Amino acid sequence: MQVRRTPKTYDVCIIGSGASGGTAAKVLTEAGLTVALLEAGPPLVPERDYKEHVWPYDLPHRGVGVGGRARHDLNDEFLAPNGAWEIEGEPYVSAPGSKFRWFRSRIVGGRTNHWGRIALRMAPVDFKVRSHDGMGDDWPLSYDDVAPYYDKVESYIGVFGTKENIPSAPDGIFLPPPKPRCTETIIKKACDKLSVLCVPSRLAILTQPHNGRAACHYCAQCGRGCVTASNFSSSQVMIPPAEKTGRLTLITGAMARELVVGKDGKVTAVSYIDKGTKEERRLHARAFIVAASACESARLLLNSKSTLFPNGLANSSGVVGRYLMDTVGSDAGGYFPQLERMPAHNHDGVGGMHMYLPWWKFDRKNEFLRGYHTEFGGGRGMPGVGDFDDLCDEFESYGVSLKKECKKKYGTYIGFAGRGEMIPNENCYCEIDPSAVDQWGIPVLRFHWKWSDNEIKMAKDMQESYRAIVEAGGGVFIPSASQDAAHPYGIADGGVIIHEVGTARMGPSAATSAVNQYCQAHDVNNLFVTDGACFVTNADKNPTLTIMALTWRACDYLADQAKKGNLGD
């Protein structure tokens, strides 16, 4: 088969255009480097692709597809494109006895088009956990090393919040937060009774104009995308300034297959499939950044085998694919009868929480190690298909009486979502499946997964805490609906929280890690892995802000090394 080679050799090739890839493109092009950015999905046109102002009655089947195929699913027809749990022609496999779900996005900007935009800094202790409790490993850098880059990211993208001086939740550079809504006021009062921390949340959504972007107009539909770019996405905030430099070449529909290594052990090219023509192409660069998301990046490295790297690229340690982590998740909620008496009104605000519960038990001994934060919300959001399913199961009726009951209960539920730290274990990893391939013949991943007792005890504590808060607020507690033998205390399956990290972790030595503190591969000095794959631990903080901070730091280092002639040629 003939392989087409691009005639130009770029300074840097980036694989993936999400939080990490978009940040890398902005930083490196503004540093004067020529950059090629490969994205497996199509281009994004917000005015065409985003649906934040589409009404359910504007779409066939109210937006959930024929037969309600997307009922209660994350990827209904309102979601910003193109995220999905299952992609036709791109399978993945769970090993016998394991269940892992992998949400992927195939479009410019990746999963930043529809993430929750919760932007939390990791705390100093999160970087030095082994020194604190003896489990896992310390990061080869400290909070003080990353803090200046948290500052850079927050200052550029805009994050709202308040300074609270909470050890488990470091303060940042914040825009003013939106005011609490009535549901948040109820929970705040309940938490105050119980001495549980409840503070304004920290989201990458603009509450005032910032860096040429308009303030949020409070349509509360952030998961559908944002035409005004008032919430953060790589596609609207990071990639456009990179394009304005004239030094970015964005290549869409490019499915990376393998990183090609020269005789000197450095990466010389990426082999990718042009999805439009089905041709294999090679793009050459002096340095490469893998930023395709933690599991996709591990897949690319493991598939990049050669005589120099028989176990996969940057994998002399054998850790690539190992130490896979996701966030510990367990949900619950409550019915609050006092909300029935609330006059009908618009619950103005962002498409996410205005307040949250940072980890509040950091100063005591618990039945489990590490901690969790809690996201909560309720009120009269945009009704969707299936919103009243539980009510219909409970209240047997039809016609006028059923409609009255639905209106009575509408907006009276407040849900809680625990998000906790998982300690990596030997039972959780991904590897190349020996037989399955995707539609382009590229071997796919097989996942192994098992929660440890520590995570199950954490989920138990979440359920107990939420019961206490709901009852303190005058509500009726509704435990997790998914509690069964496979989901003790409602713990979610691996991958479901979509915070997978750790498959090419950083460390001080090639014997035990894939990359160094600058996300540079120990084995290949012109290769960087800057997405969640480089994480050593998975703190209770949503990982995106840290991914962007680490990427910015790595790219400052890469640009400096390029100026010194220490990469590629």
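All residue numbers refer to positions counted from 1 along the written sequence of the respective chain. The model is predicted, so local features are restricted to residues of pLDDT at least 70 and side-chain atom pairs to those at 80 or more, both for listing and for counting; the totals for chains, interfaces and linings are taken over all residues. By convention in this description, side-chain values take in all heavy atoms of the structure and omit both hydrogens and water.

Further remarks concern the overall build of the protein. Helix and strand labels come from DSSP, where a helix needs a run of H or I of at least four residues and a strand needs a run of E of at least two; each type is numbered from the N terminus. Within the protein, the regular secondary structure consists of twelve helices and 18 strands. Between the two quantities, the radius of gyration covers C-alpha atoms and the globule rule is 2.2 Å times the number of residues to the power 0.38. Computed over C-alpha atoms, the radius of gyration of the protein comes to 23 Å, within 12% of the 25 Å expected from 2.2 N^0.38 for 569 residues, which places it in the range of a compact globule. The principal-axis extents of the C-alpha atoms in the protein amount to approximately 75 × 55 × 50 Å. Among the 569 residues that make up the protein, the fraction classed as buried is 59%. For every accessible area listed, the method is Shrake-Rupley and the probe measures 1.4 Å; residues are considered covered only by the protein chains on display. Carbon and sulfur atoms make up 51% of the accessible area of the protein, which totals about 22800 Å². A residue counts as positive if it is Lys or Arg and as negative if it is Asp or Glu; His and the chain ends are not included. Taken as the charge centre is NZ of Lys, CZ of Arg, CG of Asp or CD of Glu, depending on the residue. Positive and negative charge centroids in the protein, built from 63 and 65 side chains respectively, lie 3 Å apart. Note on exposure labels: buried denotes an accessible area under 20% of the residue type's maximum, exposed denotes more than 50%, and partly exposed covers the range between, all computed with a 1.4 Å probe on protein chains only.

Attention shifts here to the side chain of R117. Relative to the helices and strands, R117 resides in the loop between β5 (104-105) and α3 (129-133). A pairing counts as a salt bridge when a side-chain nitrogen of Lys or Arg comes within 4 Å of a carboxyl oxygen of Asp or Glu. Although R117 is buried, it forms no salt bridge, and the closest oppositely charged side chain is E52 at an N-O distance of 9.7 Å. By the criterion applied in these results, polar contacts are pairs of N or O atoms within 3.5 Å in which, for protein atoms, one can donate a hydrogen and the other can accept it, and in which residues neighboring in sequence qualify only through two side-chain atoms. Within the structure, the side chain of R117 is placed 3.2 Å from the backbone oxygen of C222, a separation counted as a polar contact. There is a polar contact of 2.9 Å between the side chain of R117 and the backbone oxygen of F232.

Let us now look at empty space enclosed by the protein. Detection works on a 1 Å grid of protein atoms alone, calling trapped sets that fit a 1.4 Å probe cavities and calling open sets with protein on both sides within 12 Å along at least five of seven lines pockets, with lining residues defined by an atom within 4 Å of a point. Grid points are joined across faces, edges and corners, and a volume is the space filled by probe spheres set on the points. Going through the model one piece at a time under the given rule, you end up with three cavities of 30 Å³ or more. Within this model, the largest cavity holds a volume of roughly 70 Å³. Lining the largest cavity, in full, are E52, C216, H217, Y218, C219, A220, Q221, C222, G225, C226, S230 and N231. Residue polarity follows a fixed list, in which Ala, Val, Leu, Ile, Met, Phe, Trp, Tyr, Cys and Pro are nonpolar, Asp, Glu, Lys and Arg are charged, and the others, Gly among them, are polar. Its residues assigned to classes, the lining of the largest cavity comprises six nonpolar, five polar and one charged.

Roughly 470 Å³ of volume is contained in the second largest pocket. As for the second largest pocket, its lining consists of 22 residues, and the residues nearest its centre are H132, W359, F362, R370 and G371. Its residues assigned to classes, the lining of the second largest pocket shows eight nonpolar, four polar and ten charged.

A few words now on the packing of aromatic side chains. For any two aromatic rings, the description comes down to two numbers: the centre-to-centre distance and the angle of the planes. Here is the rule: rings of Phe, Tyr and Trp (six-membered ring for Trp) pair when centre to centre is within 6.5 Å. Planes less than 30 degrees apart are stacked, more than 60 are edge-to-face, and the remainder are tilted. Per the counting criterion, the structure on display carries 22 aromatic pairs. Summarising the aromatic geometry, the rings of W359 and Y372 are spaced 4.9 Å apart at their centres and angled 50° between planes, so their arrangement reads as tilted. Placement of the pair is W359 in the loop between β12 (355-357) and β13 (372-378) and Y372 in strand β13, with a sequence separation of 13 residues. With a relative accessible area of 6%, W359 lands in the buried category. In this structure an aromatic cluster arises from ring pairing among Y92, F100, W102, F447, W449 and W451.

Attention now moves to the nonpolar core. The tendency in soluble globular proteins is for nonpolar side chains to be buried as a group. The biggest cluster of nonpolar side chains holds 138 residues, and the ones touching the most others in it are I14, L28, I157, L259, I289 and L527. Counting residues per element, this core draws most heavily on helix α12 (residues 544-563), at eleven residues. In this description, contact between two residues means that some pair of their heavy atoms is separated by no more than 4.5 Å. Contact partners of L28, with chain neighbours within four places excluded, come to V12, I14, L33, V35, I289, C555, L558 and A559. In terms of nonpolar packing, the next biggest core, distinct from the first, is built from 15 residues, V199, L203, V350 and Y356 among them. Residues grouped as a nonpolar core are buried Ala, Val, Leu, Ile, Met, Phe, Trp, Tyr and Cys residues, joined through side-chain atoms within 4.5 Å.

If you walk through the whole model with that rule in mind, you get 32 salt bridges. Here R106 and E296 are joined by a salt bridge, their closest N and O atoms 2.9 Å apart. Residue R106 is located in the loop between β5 and α3, and its partner E296 is located in helix α8 (residues 294-303); the two are separated by 190 residues in the primary sequence. For R106, a relative accessible area of 10% corresponds to the buried category.

Where helix α5 (residues 182-194) contacts helix α11 (residues 453-472), the two axes come as close as 8 Å, and the packing angle between them is 110°. Comparing their axes, α11 and α5 come out roughly perpendicular. As α5 packs across α11, the resulting crossing turns out to be right-handed. Here I187, A190, C191, K193 and L194 of α5 lie close against α11, whose contacting residues are A468, I469 and A472. Axes here mean lines fitted to C-alpha atoms, for a helix over just the part in contact, with angles spanning 0 to 180 degrees between N-to-C directions. Here is the rule for angles: anything less than 35 degrees is roughly parallel, anything more than 145 is roughly antiparallel, 65 through 115 is roughly perpendicular, and the remaining ranges are oblique. Should the near helix be turned anticlockwise from the far one by less than a right angle, the crossing is termed left-handed; should it be turned clockwise, right-handed.

A few words on the sheet that holds strand β4 (residues 93-94). Strand pairing is assigned whenever DSSP detects at least two bridges linking the two strands. With mixed pairing, three strands are arranged side by side in an open sheet as β4-β16-β15. Only two strands of the sheet have a single partner each, and these edge strands are β4 and β15 (429-437). With five bridges connecting them, β15 and strand β16 (residues 443-448) associate as antiparallel partners. Within the sheet, the bridge partner assigned to E431 lies in β16 and is R446.

So, on to the sheet that holds β13. Taken in spatial order, the six strands make up an open sheet running β6-β12-β13-β14-β11-β17, and their pairing is antiparallel. Where the open sheet ends on each side, the last strands, each with one partner, are β6 (199-200) and β17 (476-478). As paired strands, strand β11 (residues 328-335) and β17 are joined by three bridges and run antiparallel to one another. Paired with G334 across the two strands is F477, which belongs to β17.

This part takes up the side chain of T537. Of note, T537 is situated in the loop between β18 (527-529) and α12. Residue classification places T537 among the buried positions, given a relative accessible area of 1%. A distance of 3.4 Å separates a polar atom in the side chain of T537 from the backbone oxygen of D126. Engagement of the side chain of T537 in a polar contact is seen with the side chain of W139, the distance being 2.8 Å. If we skip the residues at most four places from it in the chain, T537 touches M122, D126, V129, D137, W139, M325 and E421.

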